[in-house]
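The primary structure of each chain is shown beneath.
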Amino acid sequence: NASAAALILILLPALSWYYLRKGADWRRAGLADMATKQAITRADIKLLTTEGDTLQLREGTFALATNIEATTSQIKATLNKVAEQFDHQENLLFLYFGSATDDLAKEWAAIDCQKSDCGPMIKQMFTDNSNTALIDDSLNIRATYDITSVEQTRKLAEHGAILFPVEKRKKIELKRGVDK
């Protein structure tokens with residue numbers, strides 16, 4: 001009985017503290033990676049999609065943008081996995097600045113850069129051999145990635161999990177008795 005009490009009173013709280021501490025350290029490290037922000041200077045550009053829709057980056061909306069050409073099955077699979085991971089986010093735009101749209105997930109909005117003046121935005125978002133940018137809801141580029149690299153794609157997944165708001169769950173109600 002004493003060992004069971006020691007387990008409950010000492011070991012379980014210590015394990016819980018350790019687990020929570022690791023999660024907090026992971027979140028702090030991710031936020032530190034994204035600490036350097038660069039404001040998008042031309043966020044007022046109306047982006048026309050190849051489907052004919054008009055999109056615009058605006059405050060309160062997150063965006064994930066890429067300019068990599070999805071010409072190989074591996075790149076398409078990576079883009080589709082990224083879309084699948086974050087498609088539950090209602091206020092997230094998936095912007096694809098490329099022409100190879102076959103077999104891309106429906107979440108990716110293909111931007112028609114011949115009808116949109118997206119050149120300045122592309123130059124600002126994709127620097128240092130990056131091909132993907134994570135944009136927060138204040139229109140800041142939080143980080144850029146090369147998603148042809150597995151390590152960079154994992155980093156994007158981590159940063160997205162940290163940056164995007166957690167979906168609120170419905171409150172569970174317990175009812176006693178039977179309503180008549």
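See the structure printed just above.
Calculation rules
- Residues numbered from 1 in each chain as written.
- Predicted model: local features only at pLDDT ≥ 70, side-chain atom pairs only at ≥ 80, totals over all residues.
- Heavy atoms only, no water.
- Buried < 20%, exposed > 50% of the residue type's maximum accessible area, 1.4 Å probe, protein only.
- Helix = DSSP H or I, 4+ residues; strand = E, 2+ residues; numbered from the N terminus.
- Pairing = 2+ DSSP bridges.
- Disulfide = S-S within 2.5 Å.
- Contact = heavy atoms within 4.5 Å.
- Axes fitted to C-alpha atoms, helices over the stretch in contact; angles between N-to-C directions.
- Salt bridge = Lys/Arg side-chain N within 4 Å of Asp/Glu carboxyl O.
- Expected span 1.5 Å × (residues − 1).
- Polar contact = N/O pair within 3.5 Å; in protein donor to acceptor, adjacent residues only side chain to side chain.
- 1 Å grid on protein atoms, 1.4 Å probe; cavity = no way out; pocket = protein on both sides within 12 Å on 5 of 7 lines; lining within 4 Å.
- Points joined across faces, edges and corners; volume = space filled by probe spheres on them.
- Nonpolar A, V, L, I, M, F, W, Y, C, P; charged D, E, K, R; others polar.

Q: Please clarify how the pairing of strand β4 (residues 62-66) should be interpreted in this entry.
A: The side chains of a regular strand alternate, first on one face of the sheet and then on the other. With five of five residues buried, β4 lies mostly within the body of the structure. Alternating residues of β4 divide into Phe62, Leu64 and Thr66 and Ala63 and Ala65, and every residue in both groups is buried. Of the strand pairs in this sheet, β4 and strand β5 (residues 92-96) are connected by five bridges, and their pairing is parallel. Residue pairing in the sheet places Leu64 in a bridge with Phe94 of β5. As judged from the four bridges shared by β4 and strand β7 (residues 132-135), these two strands associate in the antiparallel manner.

Q: How should I be thinking about the state of the cysteines in this particular structure?
A: What is meant by a disulfide is a covalent connection between two cysteines, made through their sulfur atoms. Under the definition given, this model contains one disulfide. Residue Cys113 pairs covalently with Cys118 via a disulfide, S to S 2.0 Å. By relative accessible area, which is 33% here, Cys113 ends up partly exposed. Owing to a relative accessible area of 1%, Cys118 belongs among the buried residues under this scheme.

Q: Would you mind showing me how to read the sheet that holds β4 here?
A: Either a parallel or an antiparallel arrangement is found when strands of a sheet pair, and the pairing is made through backbone hydrogen bonds. What the six strands build is an open sheet, ordered β1-β8-β7-β4-β5-β6; its pairing is mixed. If you trace the sheet from one side to the other, it starts and ends with β1 (38-39) and β6 (108-110), each paired once. Relative to strand β8 (residues 140-145), helix α4 (residues 150-163) is tilted by about 155 degrees, and along the sheet it contacts β4, β7 and β8.

Q: What exactly am I supposed to notice about the pattern of salt bridges here?
A: Opposite charge on two side chains permits pairing when their charged atoms draw close. Summed over all chains, the structure comprises five salt bridges. Here Arg28 makes a salt bridge to Asp25, at a shortest N to O gap of 3.4 Å. Here Arg28 pairs with Asp25, and both are found in helix α1 (residues 2-33), just three residues apart, close to one helical turn. Owing to a relative accessible area of 33%, Asp25 belongs among the partly exposed residues under this scheme. Here the salt bridges share partners, and the residues they tie into one network are Arg21, Asp25 and Arg28.

Q: For this particular structure, what's the right way to read α4?
A: An α-helical turn contains 3.6 residues, so any two residues separated by three or four positions project in the same direction. The end-to-end C-alpha distance of α4, which contains 14 residues, comes to 20 Å, matching closely the 20 Å that a straight helix rising 1.5 Å per residue would cover. Those residues of α4 that sit buried are Thr153, Leu156, Ala157, His159, Gly160, Ile162 and Leu163. Looking at the buried positions of α4, the neighbouring elements they touch are α1, β4, α2 (73-86), β7 and β8.

Q: When you look at the side chain of Arg142 in this model, what are you seeing that I'm missing?
A: Relative to the elements of secondary structure, Arg142 occurs in strand β8. Classification of Arg142 as buried rests on a relative accessible area of 11%. Looking at Arg142, its side chain comes within polar contact range of the main-chain oxygen of Met34, at 3.2 Å. Looking at Arg142, its side chain comes within polar contact range of the side chain of Asp136, at 3.1 Å.

Q: Explain the layout of surface pockets here, please?
A: Picture a little ball the size of a water molecule; that probe, rolled over the atoms, points out where space is still empty. A volume near 300 Å³ is recorded for the largest pocket. In terms of lining, the largest pocket is formed by 14 residues, of which the most central are Thr78, Lys81, Ile147, Val150 and Thr153. When residues of the lining of the largest pocket are traced back to their parent elements, those giving at least two are α2 and α4. Among the elements that take part in the lining of the largest pocket, α2 stands out by supplying seven residues, more than any other. Of the residues in the lining of the largest pocket, the class split is six nonpolar, six polar and two charged. In this structure, the second largest pocket is lined by Thr49, Thr50, Glu51, Asp53, Leu55, Tyr96, Thr101, Leu104, Ala105, Trp108, Ala109 and Ala110.

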